[in-house]
Each structure stands twice: as C-alpha cells, then as structure tokens.
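Spelled out, the chains give:
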Amino acid sequence: MLIANGTVHDGKGNACLANVRITNGTIAEVAPELAAREGEEVFDATGMEVMPGFVQALGHWGVNGSMTEIRPSSQDNDELSEPITPELEAFYAFNGRAASIQQLGAWGLTAQGVAPTDNNLFGGTISVVGLSGVNPYDLLIKRNVAMAASVMGTMRDAYGKRGVAPQTRMWIFTHFDEQLRQAAAYEPKPEEKPNDKLAALKPVVEGEMPLVVSCDGPVAVAHVRDILEKYPKVKLVIANGSGLSGNEDWMLERDVALIVRVPSSPLEEAGSPATFSWKPIAKLMDMGVTVALSGEYSNSLGAREDLIWNAAELMKVLHDEERVLTAITAAPAKILGVEDVIGTIEPGKRADICVWSANPLKTYDAHAVRTFQAGEVVYAEGDEKTCM
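Fair warning: this is a prediction, and the values are worked out from it, not measured in the lab.

A separate point is the packing of helix α4 (residues 169-185) against helix α5 (residues 196-205). When two helices pack together, their arrangement is given by the angle between the helix axes and by the axis-to-axis distance. The interhelical angle for the contact between α4 and α5, taken along N-to-C directions, is 85 degrees, at an axis separation of 8 Å. As far as their axial angle goes, α5 and α4 are roughly perpendicular. Along the contact surface, α4 presents Q179, L180, Q182, A183, A184 and A185, while α5 presents L198, L201, K202 and V205. Classifying every residue of the contact of α4 with α5 gives seven nonpolar, two polar and one charged.

Further remarks concern the pattern of salt bridges. With the rule as written, the count across this model stands at 20 salt bridges. Residue R181 is joined to E178 by a salt bridge in which the shortest nitrogen-to-oxygen separation is 2.7 Å. Separated by three residues within a single helix, R181 and E178 lie in helix α4, roughly one turn from each other. Using a relative accessible area of 26% as the deciding quantity, one classes E178 as partly exposed. Between R350 and D352 there is a salt bridge, with its nearest N and O atoms 3.0 Å apart. Owing to a relative accessible area of 16%, R350 belongs among the buried residues under this scheme. Judged by its relative accessible area of 4%, D352 falls in the buried class. Taken together, the salt bridges that share partners define one network made up of R21, E29, R37 and E40.

Here we take up the nonpolar core. F122, V151, F176 and L293 are the most contacted members of the largest nonpolar core, which has 82 residues in total. Here L293 is in contact with V55, A57, V260, W278, L307, N310, A311, L314, A327 and I328, once residues within four sequence places are set aside. In this structure, A57, A111, A239 and L336 belong to the second largest nonpolar core, which totals 23 residues.

Along helix α8 (residues 278-287), the positions that sit buried rather than exposed are W278, P280, I281, A282, L284 and M285. Put simply, S277 is the residue that caps the front of α8, since its side-chain oxygen is 3.2 Å from the backbone nitrogen of K279.

It is worth spelling out the sheet that holds strand β7 (residues 109-114) at this point. The strand order across the open sheet formed by eight strands is β6-β7-β8-β9-β10-β11-β12-β13, and the pairing between neighbours is mixed. The open sheet has two free edges, formed respectively by β6 (54-59) and β13 (291-294), since each of these has just one partner strand. Sheet twist, expressed as the mean angle between neighbouring strand axes with direction ignored, is 25 degrees. Sheet analysis places strand β10 (residues 211-214) next to strand β11 (residues 236-240), joined by four bridges and oriented parallel. Bridge assignment links V213 to a residue of β11, and that residue is I238.

Looking now at the state of the cysteines. Counted under the stated rule, the structure contains zero disulfides. Here C16 stays unpaired: no disulfide links it, and the sulfur of C354, its closest cysteine neighbor, is 18 Å away. On the basis of relative accessibility, which here comes to 44%, the residue C16 falls in the partly exposed class.

To continue, consider the packing of α4 against helix α6 (residues 218-228). The contact between α4 and α6 brings their axes to 10 Å, and the two run at 25 degrees. Considered as vectors, α4 and α6 are oriented roughly parallel to each other. Relative to α6, the crossing made by α4 is right-handed. Contacts between α4 and α6 involve R169, F173, F176, D177 and L180 from the former and A220, H223, V224, I227 and L228 from the latter. Tallied by class, residues from the contact of α4 with α6 come to seven nonpolar, one polar and two charged.

Two elements, strand β2 (residues 15-23) and strand β3 (residues 26-31), share five bridges in a ladder whose sense is antiparallel. If you follow V20 over to β3, its bridge partner there is V30. Between the antiparallel neighbours β2 and β3 lie two residues, among them N24 with a positive phi of about 55 degrees.

Right, let's get into unusual backbone geometry. Here the residue pair A165 and P166 is connected by a cis peptide bond, since its omega of 5 degrees sits within 30 degrees of zero. One can find P166 in the loop between α3 (153-160) and α4.

Cut-off values and rules
Residues numbered from 1 in each chain as written. Predicted model: local features only at pLDDT ≥ 70, side-chain atom pairs only at ≥ 80, totals over all residues. Heavy atoms only, no water. Axes fitted to C-alpha atoms, helices over the stretch in contact; angles between N-to-C directions. Helix = DSSP H or I, 4+ residues; strand = E, 2+ residues; numbered from the N terminus. Parallel < 35°, antiparallel > 145°, perpendicular 65-115°, else oblique. Contact = heavy atoms within 4.5 Å. Nonpolar A, V, L, I, M, F, W, Y, C, P; charged D, E, K, R; others polar. Salt bridge = Lys/Arg side-chain N within 4 Å of Asp/Glu carboxyl O. Buried < 20%, exposed > 50% of the residue type's maximum accessible area, 1.4 Å probe, protein only. Core = buried A, V, L, I, M, F, W, Y, C linked by side-chain atoms within 4.5 Å. Polar contact = N/O pair within 3.5 Å; in protein donor to acceptor, adjacent residues only side chain to side chain. Pairing = 2+ DSSP bridges. Disulfide = S-S within 2.5 Å. Left-handed = near helix turned anticlockwise from the far one by under 90°.

Below, the structure is given as structure tokens:
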C-alpha cells in the first residue's frame, strides 16, 4: 500500500508532506515523491494528517473488560493472594479479543504496555501488545519489557480491608527496600532451590530491566528516590506525576523517565486532579526528561479517549504539537524498550499508522479516517461500532 499526499508526522518532532509505502506490514519508504507501483493500493491522504499509532504506555485493555466484553471484569492482572509477586507476567492475563472489541483504532491506539494493577508492591512484568486481533501471541510485540511496582495507597485499601499487610506506608517502603536489597545479594548455589521472586527482581537491580513505580504524590516519589540511591543500576520510571514541581533535576541526572497518568475521578490519594498540574510536566520535558502520556489507568470505556485528551491538555501549556505527539508515540515506545519496532514513522518500523482528518492535538473536530496495525487495516471511517 501507498499512503499518498498526507502531512506525515514522524513522531520524532518532524512533519512534512510525504508518501508512506507499506510492504509486508513494515514501513518501507517515506519520501515526498513516491510513485505508485503496479498493483499497489493507494490511499489518498490529501489534506489529512498521518501519524504513528498511539502507544498506551500502561494499560489494562484486553485484561479487565467492561460488562459487555467476552470476559466481563475478569481482573486477571490483579493477583491479591500476596502483595509481592514479581515473578508473574501480565501478558498471561491479556486476551486479544477483549481488546479488539473496543475498536481502539478509532482513537488512534495501536499498542499498549499491558501491566499488572497498582495493588501489589511488585506486581509482575509488563509486555507490549497490539490492540486488534485475537491470539495474544500474534499481537505480542515484546515480552517482559519492565517490572511493575507500586507504592500507592490503593495497596493499603486492597489488603487492609482484609486485615492483612500492607496496611501502612511503613510496611510498603520498608519492604520495597528490603526486596531490592535481597535481590541485589541474590546469588543462588546450584544445589539450592531458586527463589522465584528474587530471581525475577535480579534483572531490575542489575539494570537489565526498567522498574516502573507508581507513586501517588511527591512524598512517595521522595521515598522511592531515597531508597534507590542504594541501587544505582536501577533504571527508574515513575508513573503518575501528581505533585511534581518541574524542578526535579535529579530525574535528568539519573535518566529517570516519567509516565503521566491522570485519573478520571478525584480519588483520595491516587494522583487526584487537585494535586496535578500540566505545567511541571511541560517544564520537565523542556529540561530533557523523557515523558510519556498514558490514559486513565482503568478499564472504563472513557479511557479510550483519555490519551488524546491528556495530549490536548498538555498542548495548552507546551504549545508544540510535534513534541506532544512524541509523548504518545516515540517516548512510550522508548520507555518500554520497543523503539526499534514502533512509535515513529520511518523505514524499518512496524506499520502502526493512523490517518486523521485533521490534527487531533489541535482540534476536537479531528477523527480517525483509517488505522493500520502492522500494515493491516484495523479501523476505517464508517465501520460499524461494536462497543459503545
């Protein structure tokens, strides 16, 4: 296929009139002058905006469904038998059909980091998947890209009501430190039975796997920063962003990335809008911190629009659509370690592309005209809506 005559935004900060050739599910060429080949389908994108498919850095699509989905409210990524489960994989909870029924391509979404919930101190690994299809192995982009951790108050809510630990911040941060300490010292002897939890955390303390820590405010961020001073190899990613000032120079010095999630309702502690501002986020981006936006961390249908909505909110303070676009394409791909596969429009990348009627970061009148995942059309304007 040839996507012709559109304004191509590469996700790296550049935009120009160009054509995009897709061959065998991969972007083969991007250039202003590309003639259609014999037998090649041409999609005329004149007057339209061609963007990389949006990447939801952290999400539950295909895991927790609405009550109309194939597995209603299954919550298969919310293991509450114990609060420390780093050996688990969120990928095993993913169901492609439960994700594709949401027609996420209609909102420009083509990939996500499927993750455990915030209810465990170490919840397990994150994997990157496509969002339209059936077989999770066919949709898998990369497995076990990062370890999910949480120091959120939601953990106390989940376990405290059962009268078991964790019930306090003392427990949360003490055990956060202790698990990393044990993992750093873990060197099993051949005759010993492996410790699955410490073995799962060993790549984290050795810097071989990023650690994504969900924090519910500046105090939690400060505790995490202090504890990780003892583990300099850890590649830290902070998730949420509430309460940040924009003056966190240490994030740049240590190469700490940020995934911004904005909750749809003002919860007591979990990053309430009352404590959130986009100005510090823009300031951190200006400073050079890698920032990815994410939709609201739930399975609600509204989360489909949240990624674009958050990008539009960031536009109000950053005033640069190309940099904002990077925060929902190239930046999450980089944080999740799949920047060599998705996140930008350039030769060799997977053809995850959305063609928009107008720039969705500049006007609310924009709508998706056609969305491709690995070169296959997963949404076309006029498709019957299967999930409202």
